[in-house]
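Take a look at the letters that make up each chain.
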Amino acid sequence: MITRKRLATGACALLVALTAALLPTSASADEPAAKESPKVELVLDVSGSMRAKDIDGKSRMSAAKQAFNEVLDAVPEEVRLGIRTLGADYPGQDRKRGCKDTRQLYPVGPLDRTEAKAAVATLAPTGWTPIGPALLGAADDLGEDGATKRIVLITDGEDTCAPLDPCQVAREIAAKGIHLVIDTLGLVPDAKTRQQLTCIAEATGGTYTSVHRTDELSRRVRQLVDRAADPVVTPVATEGAGRCADAPRLAPGLYTDRETFGEHRWYRVDLLPGQELRASVSVSADRAVHNDYGVLLRAVTRHGREIVRGSEAGDGRTDVISTGLRYPKPEAEDADTDGDGKPAAETVCLQVSNSFSAPPSVKTTPGMPIELTVDVVDGPASASDVASFGLGRGWWLLGALVLAGFLAGLVWGWLSRWRVAVWRTH
């Protein structure tokens, strides 16, 4: 009896030990991969025009330094932050040298607030305004990994180093598909500066803000840094094909691509019986285009038969135009099955087309930004739901309308004959 108790106790102890040893391994195996820390680089204009004293009675440079100190105190711990300058070192008139005057003041990484503030304190308004080269340098500083990346450009004037157009630079950065957003802030901007900074921001899905006070600058930069720390959705870069057979296969999610004027791009989505495909597309007009335009999103079978389409057109200035579609695939008792006996998925081909055009002086490359959203949900459970018949099948509604019209005609004819009979009687 005592031996049995000892054996039972030993067995329990061994079981507890094994459980304790296995639990950490199981927990760590179930944990998701660590998320990469977001990256932000603040790009500050230190050109000679920053000496102007028109922000709260002090120079633009002083206002920028004060705002930077406040922002550095509030940067979230998870954000890796860097600082780059433009126009901070070369005071001469040699345009070639002045347009190379950009450098990284503080490297992108864990923030040492004291060191970063000390670096900013040394800055003095000096030279040119090479915005394009500064954006290229900042993009290199942030790298091409999967982290959320943001450039915050703060300047008081337009680029002085054309023909390297900073708006075109922003488009090329966006075309790389590295999930980099550029936000721009104009200090007491004129019309040309406002137009250029707006174009830079729109090319990457960023924002433009006009700033006239120190507290506005500080508050807006803090908002943008916080936004980088807590992004809503990170889109996935993809590249559509010229035909469905070569198109990338997309899972539910948010995707970005580029499309030139009048181009057709194809993507593929797998849909099981009883599921509903919901897709939408937005095309951004990030350059000067003609007023008449449109966008088309079509769902077709692999054999080219159209299932459903969504389209939108406009006439006038626009920043973005969007359309969408829904396709519920009904349950089928005799549906095809795969090798495991499960229902076979249908390949739905999505075609994105646009009818944008532009003057000959406007560059067509890289193409305009596309944002494509794909979602697959459970289809309508009840056959009484109109959507369960499919948006591409209008015969049910047409038949109902014909029948209703026929019955209404019979009733109206009977009433007319009755009125005539009554009139003749009297």
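These lines cover the structure that appears in this document, whether it is placed above or below. (Residues numbered from 1 in each chain as written. Predicted model: local features only at pLDDT ≥ 70, side-chain atom pairs only at ≥ 80, totals over all residues. Heavy atoms only, no water.)

Thoughts on the side chain of R171
Looking at the secondary structure, you find R171 in helix α6 (residues 166-175). Ignoring anything within four residues of it in the chain, the contact list for R171 reads C199, A203, R258, D286, R287 and P366. (Helix = DSSP H or I, 4+ residues; strand = E, 2+ residues; numbered from the N terminus. Contact = heavy atoms within 4.5 Å.)

What about the state of the cysteines?
Applying the stated rule across the entire model yields three disulfides. Here C99 connects covalently by a disulfide to C161, the sulfurs 2.1 Å from one another. An S-S torsion of about -95° defines the bridge between C99 and C161 as left-handed. Residue C99 is found in the loop between α3 (95-98) and β3 (102-109), and its partner C161 is found in the loop between β4 (149-155) and α6; the two are separated by 62 residues along the sequence. The pair formed by C99 and C161 is uniform in burial state, with each residue classed as buried. Disulfide pairing places C244 opposite C349 at an S-S distance of 1.9 Å. Since a negative S-S torsion denotes a left-handed disulfide, the C244-C349 link at about -65° is left-handed. Here C244, found in the loop between β7 (236-237) and β8 (253-259), pairs with C349, found in strand β14 (residues 346-354); they are 105 residues apart in sequence, far enough to count as distant. Accessibility classification places C244 together with C349 in one group, the buried group. (Disulfide = S-S within 2.5 Å. Buried < 20%, exposed > 50% of the residue type's maximum accessible area, 1.4 Å probe, protein only.)

Brief notes about unusual backbone geometry
Between T365 and the following residue, P366, the backbone shows a cis peptide bond with an omega angle of -5°. Relative to the helices and strands, P366 resides in the loop between β14 and β15 (368-378). One non-glycine residue, D56, adopts positive backbone phi at about 55°. Within the secondary structure, D56 sits in the loop between β1 (39-45) and α2 (60-74).

What to know about the side chain of R258
Among the secondary structure elements, R258 is positioned in strand β8. A polar atom in the side chain of R258 sits 3.4 Å from the side chain of D286. (Polar contact = N/O pair within 3.5 Å; in protein donor to acceptor, adjacent residues only side chain to side chain.)

Thoughts on the sheet that holds β14
Here four strands make up an open sheet; going across it, the order is β9-β14-β11-β12 and the pairing antiparallel. Looking at which strands have only one partner, the edges of the open sheet turn out to be β9 (264-271) and β12 (306-315). Neighbour to neighbour, the strand axes of the sheet diverge by 15° on average, direction disregarded. Of the strand pairs in this sheet, strand β11 (residues 292-300) and β12 are connected by nine bridges, and their pairing is antiparallel. (Pairing = 2+ DSSP bridges. Axes fitted to C-alpha atoms, helices over the stretch in contact; angles between N-to-C directions.)

Things to note about the nonpolar core
One finds L44, I154, L217 and V221 to be the most contacted residues of the largest nonpolar core, which totals 35 residues. Looking at this core, the elements that each hand over two or more residues are β1, α2, β2 (80-86), β3, α4 (113-121), β4, β5 (180-187) and α8 (214-229). Per-element accounting of this core gives the leading share, seven residues, to α2. In contact with L217, other than residues within four places in its own chain, are A63, A64, A67, I154, L185, L187 and V211. In this structure, Y255, A285, L297 and L350 belong to the second largest nonpolar core, which totals 27 residues. (Core = buried A, V, L, I, M, F, W, Y, C linked by side-chain atoms within 4.5 Å.)

Focus: the pairing of β5
Extensive coverage of β5 is indicated by the burial of eight of its eight residues. Here β5 shows no split at all, with L180, I182, T184 and G186 on one side and V181, D183, L185 and L187 on the other all buried. Regarding topology, α6 serves as the crossover connection from β4 to the parallel β5, and that connection is right-handed. With four bridges connecting them, β5 and strand β6 (residues 208-211) associate as parallel partners. Directly across from L185, in β6, lies its bridge partner T209. (Right-handed = clockwise from strand over helix to strand, strands pointing away.)

Let's talk about the pattern of salt bridges
Here the idea is simple: oppositely charged side chains can pair when their charged atoms come close. Considering all chains together, one arrives at 24 salt bridges under this definition. Linking R287 and D286 is a salt bridge whose minimum nitrogen-to-oxygen distance equals 2.8 Å. Note on accessibility: R287 and D286 belong to one class, buried. (Salt bridge = Lys/Arg side-chain N within 4 Å of Asp/Glu carboxyl O.)

Focus on the packing of aromatic side chains
Going through the model one piece at a time under the given rule, you end up with one aromatic pair. Ring plane angle 5° and centroid distance 5.3 Å describe the contact between Y293 and F356, whose orientation is recorded as stacked. Taken as a pair, Y293 in strand β11 and F356 in the loop between β14 and β15 lie far apart in primary sequence, 63 residues in all. A relative accessible area of 3% places F356 in the buried class. (Phe/Tyr/Trp six-rings, centres within 6.5 Å; stacked < 30°, edge-to-face > 60°.)

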